[in-house]
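Listed below are the residues making up each chain.
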Amino acid sequence: SLTINKGAVEFKNVSFHYPESDVPVLRNLSFSVKPGETLAILGSTGSGKTSLFQLVPRLYDVTEGEVLVDGKNVMNYPIEKLRKGIGVVPQEAVLFTGSITENIGWGKEDATSDEIISAAVDAQIHETVEKLPNQYDTRVGQRGVNLSGGQKQRLSIARALVRKPKILMLDDSTSALDLKTEGKLLKALRTYSCTTFIITQKISTAMEADHILLLDDGAVEAWGTHEELLNTSPLYVKIVQS
Ligand code: TTP
Ligand code: MG
């Protein structure tokens, strides 16, 4: 039956409003991303970046238009198969009460210890874990050790990586990382060859992407590479200069 094979993503005339309101938060979005490409999404607060993310694993369904994965409407996938192929790292990292291993392996209970460590290495959190009192057995969450915002973000990224997703979606998940650590992380992500959506506030991150989508009030303000946007989008130039 239908599973995600390659990770191509296409939005076709997508509009969206939340069920409890009729105010559109996304308006007529069309773009496509090839398997393995990276798309950086920029836009001011409330411009609809998180809302856009939610439509791919069907946390919400579009109100108009279509989201296609590998050329097929996401509505046609069994939802478990669809979600299995997509790693979503939410804007607020969520830790569960339990060990580091349990937190990384959450949702993939058959993950081996090697797979857990390898995901942690790539997410740039392994060295931190090694320094904890009981390393991977250290308890986090309630009555556990305290972790910084950036450490929680990286654990949450490791949780997505251990599933080897075809599509990886990072919602501002590197905001608390210094540039050097973020650089190492982005380099490690490339070895996964997954299609990557990355919401970011940093131009340095956007510059590395194959495409940049600049959202403004739920609509596409600009689409292209860093160089293209410098020439076509006054709003992008303003962000770069700020
Ligand atoms: P978001 O999609 O949350 O905007 P954003 O992710 O670009 O903003 P930020 O940089 O701050 O993370 O919001 C777009 C609009 O949708 C906004 O008016 C709030 C609304 N909204 C809801 O009504 N319900 C929701 O669950 C979410 C996520 C957003
Ligand atoms: Mg958001």
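Residues numbered from 1 in each chain as written. Chains lettered and ligands numbered in written order. Predicted model: local features only at pLDDT ≥ 70, side-chain atom pairs only at ≥ 80, totals over all residues. Heavy atoms only, no water.

J.: Sorry, what's going on with the overall build of the protein here?
T.: For the protein, the helix and strand inventory stands at ten helices and twelve strands. Relative to the compact-globule value of 18 Å for 242 residues, the protein shows a C-alpha radius of gyration of 18 Å, a close match. The C-alpha extent of the protein, read off along each of the three principal axes, is 50 × 45 × 35 Å. By residue count, 48% of the 242 residues in the protein fall in the buried class. Within the protein, contacts between residues separated by at least 24 positions form 69% of all contacts whose residues are at least 6 apart in sequence. As displayed, the protein offers around 12,000 Å² of accessible surface, 48% of which is attributable to carbon and sulfur atoms. Side-chain charges of the protein comprise 26 positive and 30 negative groups, with the mean position of each set lying 4 Å from the other. (Helix = DSSP H or I, 4+ residues; strand = E, 2+ residues; numbered from the N terminus. Rg over C-alpha atoms; globule rule 2.2 N^0.38 Å. Buried < 20%, exposed > 50% of the residue type's maximum accessible area, 1.4 Å probe, protein only. Contact = heavy atoms within 4.5 Å. Areas by Shrake-Rupley, 256 points an atom, 1.4 Å probe, with all protein chains shown as cover. Lys, Arg positive; Asp, Glu negative; His and termini not counted. Charge placed at Lys NZ, Arg CZ, Asp CG, Glu CD.)

J.: Got a minute to help me understand the environment of Thr38 in this structure?
T.: Inspection of the secondary structure assignment puts Thr38 in strand S3 (residues 38–42). Accessibility expressed as a relative area gives 22% for Thr38, which makes it partly exposed. For the pair Thr38 and Ala209, spaced 171 residues apart in sequence, the C-alpha separation works out to 5.1 Å. Setting aside residues up to four positions removed in sequence, Thr38 forms contacts with Thr196, Ile198, Ala209, Asp210 and His211.

J.: I keep staring at the domain arrangement of the protein and nothing clicks. Help me out?
T.: The figure often quoted for interface size is the accessible area lost as the parts come together. Domain assignment breaks the protein into domain 1 (1–85 + 166–242) and domain 2 (94–164). A separation of 25 Å is found between the C-alpha centroids of domain 1 and domain 2. Each partner contributes to the interface: domain 1 provides 17 residues, whereas domain 2 provides 14 residues. Both sides of the domain 1 and domain 2 interface together cover about 1,200 Å² of buried area, and 63% of this is carbon and sulfur. Sorting the residues of domain 1 by area buried against domain 2 places Leu177, Leu185 and Tyr192 first, and these three jointly supply 39% of that buried surface. The tally of links between domain 1 and domain 2 comes to zero salt bridges. (Domains from an automatic or database assignment. Buried area = accessible area lost by both parts, 1.4 Å probe. Salt bridge = Lys/Arg side-chain N within 4 Å of Asp/Glu carboxyl O.)

J.: I tried to follow the sheet that holds strand S11 (residues 211–216) on my own but got confused; where do I start?
T.: Pairing between the strands of a sheet is mediated by backbone hydrogen bonds and can be parallel or antiparallel. Pairing within the open sheet is mixed, and its six strands lie in the order S6-S9-S10-S3-S11-S12. In the strand order of this sheet, the two ends are held by strand S6 (86–89) and strand S12 (219–224), each with one partner. Going from strand to strand, the sheet's axes swing by 15 degrees on average, the running direction of each strand aside. Relative to strand S9 (residues 167–171), S6 is paired through four bridges, and the arrangement is parallel. For Ile86, the partnering residue across the bridge sits in S9 and is Ile167. Lying over the sheet, helix H6 (residues 149–161) contacts S6 and S9, oriented at roughly 175 degrees with respect to S6. Seen against the sheet, helix H10 (residues 234–241) touches S3, S11 and S12 and runs at an angle of roughly 100 degrees to S11. (Pairing = 2+ DSSP bridges. Axes fitted to C-alpha atoms, helices over the stretch in contact; angles between N-to-C directions.)

J.: Teacher, can you tell me more about the site of ligand 1 here?
T.: With respect to spatial proximity, the complete set of residues near ligand 1 consists of Tyr18, Val25, Ser44, Thr45, Gly46, Ser47, Gly48, Lys49, Thr50, Ser51 and Gln91. Between an oxygen atom of ligand 1 and a side-chain N or O atom of Thr50, the distance comes to 2.9 Å. For ligand 1, whose free accessible area comes to 600 Å², the fraction covered by protein is 64%. (Near = heavy atom within 4 Å. Polar contact = N/O pair within 3.5 Å; in protein donor to acceptor, adjacent residues only side chain to side chain.)

J.: Explain the side chain of Ser47 here, please?
T.: Positionally, Ser47 belongs in the loop between S3 and helix H1 (49–54). Of the polar contacts made by the side chain of Ser47, one reaches the backbone oxygen of Ser44; its length is 2.7 Å. Once residues lying within four places of it in the same chain are set aside, the contact partners of Ser47 are Val25, Leu215, Asp216, Asp217 and Gly218.

J.: I keep staring at the side chain of Lys49 and nothing clicks. Help me out?
T.: Examined against the element boundaries, Lys49 turns out to sit in helix H1. Although Lys49 is buried, it forms no salt bridge, and the closest oppositely charged side chain is Asp172 at an N-O distance of 6.6 Å. Those residues in contact with Lys49 that sit more than four places away from it in its chain are Ile41, Leu42, Gly43, Ser44, Ile199 and Leu215.

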